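Structure assessment
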Amino acid sequence: MNEQPHILIVDDHREIRDAVSRYLEKNGMRATTAANAIEMDGKLNAGRFDLIVLDIMMPGEDGLSVCRRLSTETTVPILFLTALAEDTDRIVGLELGADDYLSKPFNPRELLARIKAILRRAERLESSAGRLSGQRVAFAGWTLETDRRTLHADDGSEIELTSSEFKLLTVFLERPRMVLSRDQLLDLTAGRAALPFDRTIDNQVSRLRRKIEQDPSRPEIISTVRGGGYSLTADVEALS
């Protein structure tokens, strides 16, 4: 990670963008701003960022749609800024791949603390997820190319994984036949504890099953363990 983390702030309110930018730069970070998703895409194409602070309620493409799209394109952590009060709405954002959220209005010190916490978690996850880095891994008729984050079936067809799906599958492949609780999976994939009524892992497992199981309603690769969590039932072989 760079000595000065580079943060991209995406919010349609100029006052918020400028205030957050000044505060982060005052506290040892680099900050770039964008007023909407179009500007954000341009900034992402032009440079590298360590984290995105993303407003949910924006004109044009909103933050939830942006997060859904970015989850297939990048592994950059996302912190949502939201005026939404319902826990279910916040959890939707987390299920789409966001790493944390902060409700408006917010204390800049809390925003800074959450950014630092996400960056620490991302660094820890990156350092602990290197066992399969650069490898091709075979399991249950599938081959995962970890560098490209793609799955290949025996017939040669290719499936692209979102960032959250890739993290979850990698966790399972590193621990075949081990029963992993929902809390363990959430900690290993996102580095955070579960919220009340948090179904993030269940929904991510469901989406992953739709991509790799012959019959997702009767899964044979990722099994549900009653009272325990989930387990990868297949053997795993590193090909390179």
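At the junction of lysine 104 and proline 105, the peptide bond is cis and its omega measures out at -10 degrees in the coordinates. Following the sequence through the fold, proline 105 ends up in the loop between β5 (100-103) and α5 (108-128). A positive phi angle is found at alanine 140, which is not glycine, with a value near 50 degrees. Tracing the sequence through the fold places alanine 140 in the loop between β6 (136-139) and β7 (142-145). Even without glycine at this site, arginine 177 takes up a positive phi of about 65 degrees. Note on placement: arginine 177 falls in the loop between α6 (163-174) and α7 (182-190).

Under the counting rule described, the total for this entry stands at twelve salt bridges. In this structure, aspartate 55 and lysine 104 form a salt bridge, with 3.1 Å as the shortest nitrogen-oxygen distance. Of this pair, aspartate 55 sits in strand β3 (residues 51-55) while lysine 104 sits in the loop between β5 and α5, and the two are 49 residues apart along the sequence. The structure contains a network of salt bridges with shared partners spanning Asp11, Asp55 and Lys104.

With that settled, the discussion passes to the sheet that holds strand β12 (residues 237-238). In sheet architecture, strand pairing relies on hydrogen bonds along the backbone and comes in two forms, parallel and antiparallel. Overall, antiparallel pairing links the five strands, which are arranged β9-β8-β7-β6-β12 in an open sheet. Only two strands of the sheet have a single partner each, and these edge strands are β9 (158-160) and β12. Bridging between β6 and β12 involves two bridges; their strand directions are antiparallel. Paired with alanine 138 across the two strands is glutamate 237, which belongs to β12.

As a further point, take the packing of helix α2 (residues 37-46) against helix α3 (residues 63-70). Angle between the axes and distance between the axes: these two values describe a pair of packed helices. Where α2 meets α3, the closest approach of the two axes is 11 Å, and the angle between their N-to-C directions is 30 degrees. The pairing of α2 with α3 is recorded here as roughly parallel in orientation. Crossing hand, α2 versus α3: right-handed. Residue-level inspection shows Ala37, Met40, Asp41 and Leu44 of α2 in contact with α3, the latter providing Val66, Arg69 and Leu70.

So, about the sheet that holds strand β1 (residues 6-10). Read across the sheet, five strands follow the order β2-β1-β3-β4-β5 without closing on themselves; strand pairing throughout is parallel. This sheet does not close on itself; its edge strands, each paired only once, are β2 (30-34) and β5. Sheet twist, expressed as the mean angle between neighbouring strand axes with direction ignored, is 20 degrees. As paired strands, β1 and β2 are joined by five bridges and run parallel to one another. Looking at β2, one finds that histidine 6 is bridged to arginine 30.

Within α7 the residues assigned to the buried category are Leu185, Leu186, Thr189 and Ala190. What you see down the axis of α7 is that its buried residues fit within an arc of 100 degrees, all on one side.

Burial runs high along β1: five of the five residues are buried. Neither face of β1 is open: one carries His6, Leu8 and Val10, the other Ile7 and Ile9, and all of them are buried. Each parallel crossover has a hand, and the one from β1 via helix α1 (residues 14-26) to β2 is right-handed. Both β1 and β3 contribute to a ladder of four bridges, which runs parallel. Counterpart to leucine 8 in the pairing with β3 is isoleucine 52.

Let us look at empty space enclosed by the protein. Scanning the model with the defined rule gives one cavity of 30 Å³ or more in all. Reported here for the largest cavity is a volume of approximately 220 Å³. Considering the residues around the largest cavity, the lining is formed by 22 residues, among which Gly97, Ala98, Asp99, Ser164 and Lys167 are closest to the centre. Among the secondary structure elements, those contributing two or more residues to the lining of the largest cavity are α3, α6, α7 and α8 (200-212). Looking at the lining of the largest cavity residue by residue, the classes come out as ten nonpolar, nine polar and three charged.

Let us now look at the confidence of the model for the protein chain. Of the residues in the protein chain, 88% have a pLDDT of 70 or more, and the chain-wide mean is 86. At the level of individual helices and strands, the protein chain shows its lowest average pLDDT in helix α4 (residues 87-95), which scores 70, and its highest in β1, which scores 97.

Calculation criteria
Residues numbered from 1 in each chain as written. Predicted model: local features only at pLDDT ≥ 70, side-chain atom pairs only at ≥ 80, totals over all residues. Heavy atoms only, no water. Helix = DSSP H or I, 4+ residues; strand = E, 2+ residues; numbered from the N terminus. Salt bridge = Lys/Arg side-chain N within 4 Å of Asp/Glu carboxyl O. Pairing = 2+ DSSP bridges. Axes fitted to C-alpha atoms, helices over the stretch in contact; angles between N-to-C directions. Parallel < 35°, antiparallel > 145°, perpendicular 65-115°, else oblique. Left-handed = near helix turned anticlockwise from the far one by under 90°. Contact = heavy atoms within 4.5 Å. Buried < 20%, exposed > 50% of the residue type's maximum accessible area, 1.4 Å probe, protein only. Arc of directions from axis to C-beta. Right-handed = clockwise from strand over helix to strand, strands pointing away. 1 Å grid on protein atoms, 1.4 Å probe; cavity = no way out; pocket = protein on both sides within 12 Å on 5 of 7 lines; lining within 4 Å. Points joined across faces, edges and corners; volume = space filled by probe spheres on them. Nonpolar A, V, L, I, M, F, W, Y, C, P; charged D, E, K, R; others polar. pLDDT = per-residue confidence, 0-100.

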